[in-house]
Amino acid sequence: YAAGRRFRKAVDTLVTEAATGYVTPQVIDEFLARDGWTLADADAWLAERIAGGEGDAWDWIARLRPIEVYERLAGPRASQEFGAQLVAADSPLWRYCESHLGVQRAWREQISPNESLRLEDVAFVCSSWALAVEYVSDRSTPAVSPLLAGASGLSRPIVEACRQFAADLRARHRADYLQIASETERLLAQEADAARAEDLGKIDTFFFEEQAVFRAAIAAIHSGNSAIVRDWAARRLGSGRGEASFWLRGEPARKAAWDLLQAAERLDRALESATRRSVKALTIEAWVEAYTADGAAVDLAHRELEQLRNAMLGPTLPQFFELRDALDAARARWSDWASTWAHGFNAACSTSGFLPGRSMQQRHLFEEVVRPLLGDTPVALFVVDALRYEMATALQELLPTSRNAPVVLKPRLAELPSITSVGMNVLAPITRNDRLVPELRADLRDFEGFSTGEYRVSNPDTRQRAMHARAGGGSCPLLKLGEVLERDATSLRRSIGQARLLIVHSIEIDKSGESGTGLTTFDTVLRNLASAFSALRDAGVRNFVFTSDHGFLLQPEGARGQVAHGTRRDPARRHVLTRTAEDHPDKVRVSFTELGYEGDGMHVLMPRGLEVFDRGERPSEFVHGGNSLQERVIPVLVVHERTQAGGQSVEFEAECTPAEAVMGMHRIKVRLQPGAAQNSLAFSVPKTVQLLLKAEDAEGVDVELAHAGAPAVVAQGALVAPVGPEFELFFRLHGSRPQRVAVRLEPLQSGVQVRNAATTERFSVAVSAAGRESPPVPSAGQSGSGDRWLNAYEDAGVRQVFAHLHAHGSLTELEAGQMLGGPRAARRFALAFDEHAAKAPFVVRVDTTSGVKRYVREGGAR
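These notes cover the structure that comes with them. (Residues numbered from 1 in each chain as written. Predicted model: local features only at pLDDT ≥ 70, side-chain atom pairs only at ≥ 80, totals over all residues. Heavy atoms only, no water.)

### Brief notes about the packing of helix H13 (residues 207-223) against helix H14 (residues 227-237)
For the pair H13 and H14, interaxial distance at closest approach is 10 Å and the crossing angle is 140 degrees. Between H13 and H14, the angle is such that the two are oblique. Relative to H14, the crossing made by H13 is left-handed. Taken together, the residues of H14 that come into contact with H13 (itself represented by Glu210, Val213, Ala216, Ala217, Ala220 and Ile221) are Ile228, Val229, Trp232 and Arg236. (Axes fitted to C-alpha atoms, helices over the stretch in contact; angles between N-to-C directions. Helix = DSSP H or I, 4+ residues; strand = E, 2+ residues; numbered from the N terminus. Parallel < 35°, antiparallel > 145°, perpendicular 65-115°, else oblique. Left-handed = near helix turned anticlockwise from the far one by under 90°. Contact = heavy atoms within 4.5 Å.)

### Quick notes on the side chain of His100
Examined against the element boundaries, His100 turns out to sit in helix H7 (residues 92-101). For His100, a relative accessible area of 14% puts it in the buried group. At 3.2 Å, the side chain of His100 and the side chain of Ser99 are in polar contact. (Buried < 20%, exposed > 50% of the residue type's maximum accessible area, 1.4 Å probe, protein only. Polar contact = N/O pair within 3.5 Å; in protein donor to acceptor, adjacent residues only side chain to side chain.)

### A short note on unusual backbone geometry
Along the chain, Leu416 connects to Pro417 via a cis peptide bond; the corresponding omega equals -10 degrees. By the element assignment, Pro417 lies in the loop between strand S2 (407-413) and helix H20 (420-423). Although it is not a glycine, Asp434 adopts a positive phi angle of roughly 70 degrees. Take Asp434: it is sitting in the loop between H20 and strand S3 (438-440).

### Details of the sheet that holds strand S21 (residues 713-715)
The strand order S21-S22-S19-S25 describes an open sheet built from 4 strands, whose pairing is antiparallel. The strands lining the two open edges of the sheet, one partner per strand, are S21 and strand S25 (743-747). On average, each strand axis in the sheet is inclined to that of its neighbour by 35 degrees, with strand direction left out of account. Judged from the 3 bridges that link them, S21 and strand S22 (residues 718-722) form a sheet pairing that is antiparallel. Along S22, the bridge assignment pairs Val714 with Leu719. (Pairing = 2+ DSSP bridges.)

### Thoughts on the environment of Ala414
Tracing the sequence through the fold places Ala414 in the loop between S2 and H20. Other than its neighbours up to four places away in sequence, Ala414 contacts Gln362, Asp549, His550, Glu631, Arg632 and Ile634.

### What to know about the sheet that holds S2
Taken together, 6 strands build an open sheet; the order of strands is S2-S16-S8-S1-S7-S6 and the sheet is mixed. For this open sheet the edge positions go to S2 and strand S6 (478-480), each flanked by a neighbour on one side alone. Looking at each pair of strands side by side, their axes are set apart by 20 degrees on average, direction ignored. As defined by bridge partners, S6 adjoins strand S7 (residues 501-506) across 3 bridges and the pair is classed as parallel. Opposite Leu479, over in S7, you have Val504 as the bridge partner.

### Describing the packing of helix H15 (residues 252-276) against helix H17 (residues 320-352)
Contact geometry for H15 and H17: axes closest at 10 Å, N-to-C directions at 25 degrees. Considered as vectors, H15 and H17 are oriented roughly parallel to each other. Crossing of H15 over H17 shows left-handed handedness. For the pair H15 and H17, the contacting residues are Ala257, Leu260, Leu261, Ala264, Leu267, Asp268, Leu271, Ala274 and Thr275 in the first and Leu323, Leu327, Ala330, Arg333, Trp334, Trp337 and Trp341 in the second. For the contact of H15 with H17, the per-class residue count stands at 13 nonpolar, 1 polar and 2 charged. (Nonpolar A, V, L, I, M, F, W, Y, C, P; charged D, E, K, R; others polar.)

Written as structure tokens, this is what we have:
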């Protein structure tokens with residue numbers, strides 16, 4: 001109307017839409033082909049056709065939707081609804097199928113040539129036709145199979161009815177749909193053979209469509225032309241765009257493969273963005289700006305891909321070898337990019353200097369960032385070993401902050417070489433006239449710490465001493481990350497009562513990286529940092545600084561080389577200290593004087609690219625000590641809360657139901673609903689909640705959250721859970737000894753409570769190689785929380801049986817009967833034994849020896 005033109009529906013379209021469902025498409029076409037008819041003629045014609053129907057039976061069927069007719073035809077009550085006789089070709093039922101779905105006689109005769117069919121045959125003919133119409137209408141090019149010739153060119157109402165029927169079948173009758181689609185697909189062999197991903201549409205009606213697109217996605221990732229994979233993966237995984245593909249539901253292996261392809265595409269997209277940026281200025285500041293703007297996103301995407309690959313890639317995935325080769329190609333593209341940027345950054349450093357301006361120097365971080373925040377409330381300084389810049393961007397998303405507590409992330413450059421004994425110690429205020437005084441090992445091969453003039457700063461205690469002296473206050477607590485997580489708000493509040501500065505020390509990232517387990521634990525550490533932030537915030541801390549000593553290179557197998565220097569005993573992995581001022585084409589050199597260090601005559605040598613020095617050992621995937629951007633750019637993440645935290649808490653009810661394990665992963669189904677207190681305030685309930693999955697009352701058990709079914713999302717190891725719809729979680733449990741534990745959903749945000757968040761069922765823990773001799777958990781009857789699991793048993797007798805098994809390892813059926821209250825109770829216990837055993841933190845088996853039945857806990861008595 002605004003454009004000055006009314007919308008008018010064509011009269012042919014109007015007649016077609018009005019008549020569909022009452023008369024067949026062929027009869028409609030015959031009327032439309034008449035000459036000189038008017039709208040009044042059409043109205044009279046349709047009224048006559050309806051009045052000439054088939055009586056009550058026809059009227060009754062006509063009121064049903066196609067899916068309802070199908071359910072009566074194929075359901076167990078079909079004979080009651082329609083009778084047991086065969087359905088003739090001219091019956092009202094066939095007329096319904098023709099008028100509502102456009103089923104053509106040619107299709108019926110090709111699928112089932114008999115004149116009269118059983119009810120279930122009619123159901124198959126109509127449903128297979130609906131699938132065929134959906135497939136043809138969704139394609140961008142004409143279908144190949146002659147069998148599908150009649151499924152094209154249908155009116156829009158008929159097409160929409162068929163598409164809705166197919167969608168209803170997928171949603172309401174999964175098993176039926178699988179069988180119907182499989183049988184129909186066998187009739188369309190030409191389509192499967194000729195299927196090309198670019199010709200197919202947005203709906204994978206048949207499995208051969210999923211296979212064709214999957215093969216094309218692998219090829220696109222392998223070749224680096226992966227832009228199209230973004231839409232393919234999003235549609236199939238249901239990434240914020242509705243339901244996941246039918247062929248991925250209940251198929252974790254196929255979903256995992258698509259997750260990997262999607263992660264590879266994200267890496268390629270980040271690489272494309274970073275590659276477009278041309279860093280021509282020969283200053284290190286220009287390189288840092290480029291890295292924080294684009295490069296860090298590449299390393300984040302690369303780390304996420306490597307973590308997912310480590311967790312998911314295995315021979316059970318479809319087209320495993322082709323998929324692995326494609327991921328290797330994406331990995332190689334990252335390596336080429338990182339090597340190019342490393343050479344460029346080192347060239348800029350060699351030209352303009354390795355030490356940046358004061359505002360970007362690590363040595364001035366305490367004076368310029370921490371001290372200005374000191375005031376009436378303490379500042380929490382998190383010094384996190386090997387927290388590289390891209391990980392801080394992920395941590396920034398996890399921190400539960402508000403508009404009153406903005407998070408500001410800025411970069412600084414780690415001092416060289418980028419190792420813990422340098423970077424961690426210079427975080428303390430130890431400069432003299434902006435210079436540093438390093439103390440080296442007796443053999444001059446590496447750093448031990450730095451001198452303040454009075455004492456050496458070389459470990460957490462001496463760093464705390466230097467920081468406390470500068471910050472002031474009655475105390476300066478130094479806590480490990482684990483201590484913060486273990487203590488409650490009251491205990492933490494007492495610790496910081498007289499403090500202006502609180503130091504939280506974390507070595508988990510560096511430790512797990514060096515041990516080769518980083519890919520499975522990096523996200524866990526980030527979640528724990530966010531949890532520690534929440535705990536300290538609840539204890540009254542209002543100002544936070546997160547920073548690091550250095551970053552690291554995550555170099556996958558085959559993406560790294562080695563360079564030689566002297567004997568294999570001379571170099572560290574990525575640096576060498578030397579008194580020789582020699583330059584080499586494959587190394588960069590910087591003197592202590594250029595770095596602002598006391599110690600004339602000393603130099604640092606580092607590889608120009610991503611290589612490590614040849615030390616006669618197999619290099620680790622996790623390395624640092626060099627001058628790449630990944631190692632040197634450290635985060636300074638500041639949270640400064642202007643007002644005190646507060647506000648209403650939000651409460652949710654959780655339903656956690658166990659499901660069958662798949663691909664070596666445990667699985668639970670979860671639904672979150674607003675709690676009773678929120679029922680009258682539904683408008684204020686958030687649509688998503690950030691949650692962690694943790695082991696319940698079990699120390700030393702790590703939870704690896706691998707997958708989440710749409711619409712839930714796993715990000716940085718945390719769960720972004722929707723409120724309302726049900727979703728699935730796939731996870732693994734790792735520990736130092738065999739046991740069975742329950743799991744609990746724990747909110748990441750402050751002020752959020754989740755009730756009934758723990759499972760009553762228990763899941764087996766996979767034993768890791770290290771720590772098999774760890775002490776056992778307390779047995780029932782001991783002090784502590786080791787016996788809380790017994791609360792899952794409402795019956796006192798059952799509780800006594802499992803307490804006895806935990807403490808002593810076994811008991812006979814007769815002994816169990818005495819505890820349970822007699823033979824009848826013992827029989828009830830035996831019938832429900834599997835249900836009871838699932839709640840225990842250990843495995844119980846039933847043995848029969850010499851006719852005596854015994855319940856035995858695996859592992860014997862504690």
